[in-house]
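Structural overview
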Amino acid sequence: MNIKKSKLFAESWNVAIRKKKQGEILTDLKTPFKILKNNFSSWCADPFIFEYKETTYIFAELYDYRLRRGTIGYTVLKNGKIGKWSQIIVEDYHLSYPFICEYKGEVYIIPESSENNSLNVYRASNFPNEWEKVKVIIDHEKFVDTTFFEWGGCICAFTTEVSSYDSQKEYFLKFSDKEIVSIDEFLVTDFKTSRMGGNVFQKKDKKIKVCQDCRRIYGGGLIFKEIEKDNLDGKMIQHILPESLAFDKKVLIDGIHTYNANEQYEIIDIKTRRFNLLNLVCRFWGKIR
């Protein structure tokens, strides 16, 4: 019996990073990623890297063992090292996938909040520690992993509606300032490979979107697709499984579902199993309640 696969070791996620330019994961699987340490009270997933005033931040979901749900937090990356993760947005429902951007001099986070049947916008009132909810983009619907990007002078977004797992729908949104201009459903070849897994990025003259491979398990891998105006689902150009990547230490890895990068660093998340006494106590307490 592998004790790491027993109930003593619960699912856990970690952020991993390496010094590489955006998109180099498409051709380089051998340079190892450094696995970043979690806080004792939480694990980290869905990392986004964000440059602000010459400082590099990593924003992520912090799954809080005590609350038994996701919250949003960040850490600072300096000289290849990170500090402690800090929790910044906490609601009475699960939050994850903290898409972050700067727009007209303001910094916004648009996290996944489908448990609340809403898609909300938070603005930094005192970056990076203080945030206020300023807008509900979509209400009474379950949308996940909404990812904004600029295309042809327009602000656009990919998002997935998940009211039912067996009938997920993919949407392409267009915005004028902060208002939705259109919500267009588009056809996908397989909804289990269409849910977004990170920022859309440019590679030479191609737009690349990152999707999660959920065919085998949730977060089983990453799929990179070239997209065009008449093919929003995209053409697959790379399929990456967690076991195909290299890491700075040996750990049990059985999942990966987010990739983001800038011109210095590439960042991913990995699913593993971890023994944590606080997690074990909170899981037990949750069951007896």
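Reference entry: report on the structure contained in this document.

Turning our eyes to something else, we now look at the nonpolar core. Residues Phe 59, Ile 100, Phe 127, Trp 131 and Phe 158 are the most contacted members of the largest nonpolar core, which totals 42 residues. Every residue in contact with Trp 131, bar those within four places of it in the chain, is listed here: Phe 59, Ile 88, Ile 89, Ile 100, Val 107, Tyr 108, Ile 109, Tyr 122, Arg 123, Ala 124 and Ser 125.

As a further point, take the side chain of Glu 170. With respect to the helices, strands and loops of the structure, Glu 170 is situated in strand S14 (residues 169-176). Of the buried charged residues, Glu 170 lacks a salt bridge, with Lys 209 as the closest side chain of opposite charge at 6.2 Å. Only 2.8 Å separates the side chain of Glu 170 from the side chain of Ser 194, close enough to count as a polar contact.

Turning our eyes to something else, we now look at the pattern of salt bridges. Counted according to the given criterion, the structure contains 11 salt bridges. With a shortest N-O distance of 3.3 Å, Asp 64 and Arg 66 are connected by a salt bridge. Owing to a relative accessible area of 2%, Asp 64 belongs among the buried residues under this scheme. A salt bridge links Asp 145 to Arg 195; the shortest N-O distance between them is 2.6 Å. With Asp 145 in strand S12 (residues 143-151) and Arg 195 in the loop between strand S15 (179-186) and strand S16 (201-203), this residue pair connects regions lying 50 residues apart in the sequence. Taking the relative accessible area as the measure of exposure, Asp 145 reaches 3% and is therefore buried. Ionic contacts of the salt-bridge type, sharing partners, join the residues Arg 18, Lys 20, Glu 24, Asp 28 and Glu 266 into one network.

This part takes up the layout of surface pockets. Where empty space is left becomes clear once a probe the size of a water molecule has been rolled over the atoms. Put simply, the largest pocket is a space of about 770 Å³. Contributing to the lining of the largest pocket are 31 residues, with Phe 99, Ile 100, Cys 101, Glu 102 and Phe 148 lying nearest its centre. Elements with a contribution of two residues or more to the lining of the largest pocket: strand S3 (42-52), strand S8 (96-103), strand S9 (106-112), strand S11 (130-139), S12 and S16. When residues in the lining of the largest pocket are grouped by element, the largest group, 5 residues, is from S8. Partitioned by chemical class, the residues of the lining of the largest pocket number 19 nonpolar, 4 polar and 8 charged. A volume near 330 Å³ is recorded for the second largest pocket. When residues of the lining of the second largest pocket are traced back to their parent elements, those giving at least two are strand S1 (10-18), S3 and S12.

What follows deals with the sheet that holds strand S17 (residues 206-213). Across the sheet, 4 strands lie side by side as S16-S17-S18-S19; this open sheet has antiparallel pairing. Both outer strands of the open sheet, S16 and strand S19 (231-240), are each paired with one neighbouring strand and no more. Within the sheet, the average angular offset between the axes of one strand and its neighbour, ignoring direction, is 45 degrees.

The tally for this structure, following the rule as stated, stands at 0 disulfides. No disulfide involves Cys 156; its sulfur sits 5.5 Å from that of Cys 154, the nearest cysteine. Looking at the unpaired Cys 211, the closest cysteine sulfur is the one in Cys 214, lying at 9.8 Å.

About the thresholds
Residues numbered from 1 in each chain as written. Predicted model: local features only at pLDDT ≥ 70, side-chain atom pairs only at ≥ 80, totals over all residues. Heavy atoms only, no water. Core = buried A, V, L, I, M, F, W, Y, C linked by side-chain atoms within 4.5 Å. Buried < 20%, exposed > 50% of the residue type's maximum accessible area, 1.4 Å probe, protein only. Contact = heavy atoms within 4.5 Å. Helix = DSSP H or I, 4+ residues; strand = E, 2+ residues; numbered from the N terminus. Lys, Arg positive; Asp, Glu negative; His and termini not counted. Salt bridge = Lys/Arg side-chain N within 4 Å of Asp/Glu carboxyl O. Polar contact = N/O pair within 3.5 Å; in protein donor to acceptor, adjacent residues only side chain to side chain. 1 Å grid on protein atoms, 1.4 Å probe; cavity = no way out; pocket = protein on both sides within 12 Å on 5 of 7 lines; lining within 4 Å. Points joined across faces, edges and corners; volume = space filled by probe spheres on them. Nonpolar A, V, L, I, M, F, W, Y, C, P; charged D, E, K, R; others polar. Pairing = 2+ DSSP bridges. Axes fitted to C-alpha atoms, helices over the stretch in contact; angles between N-to-C directions. Disulfide = S-S within 2.5 Å.

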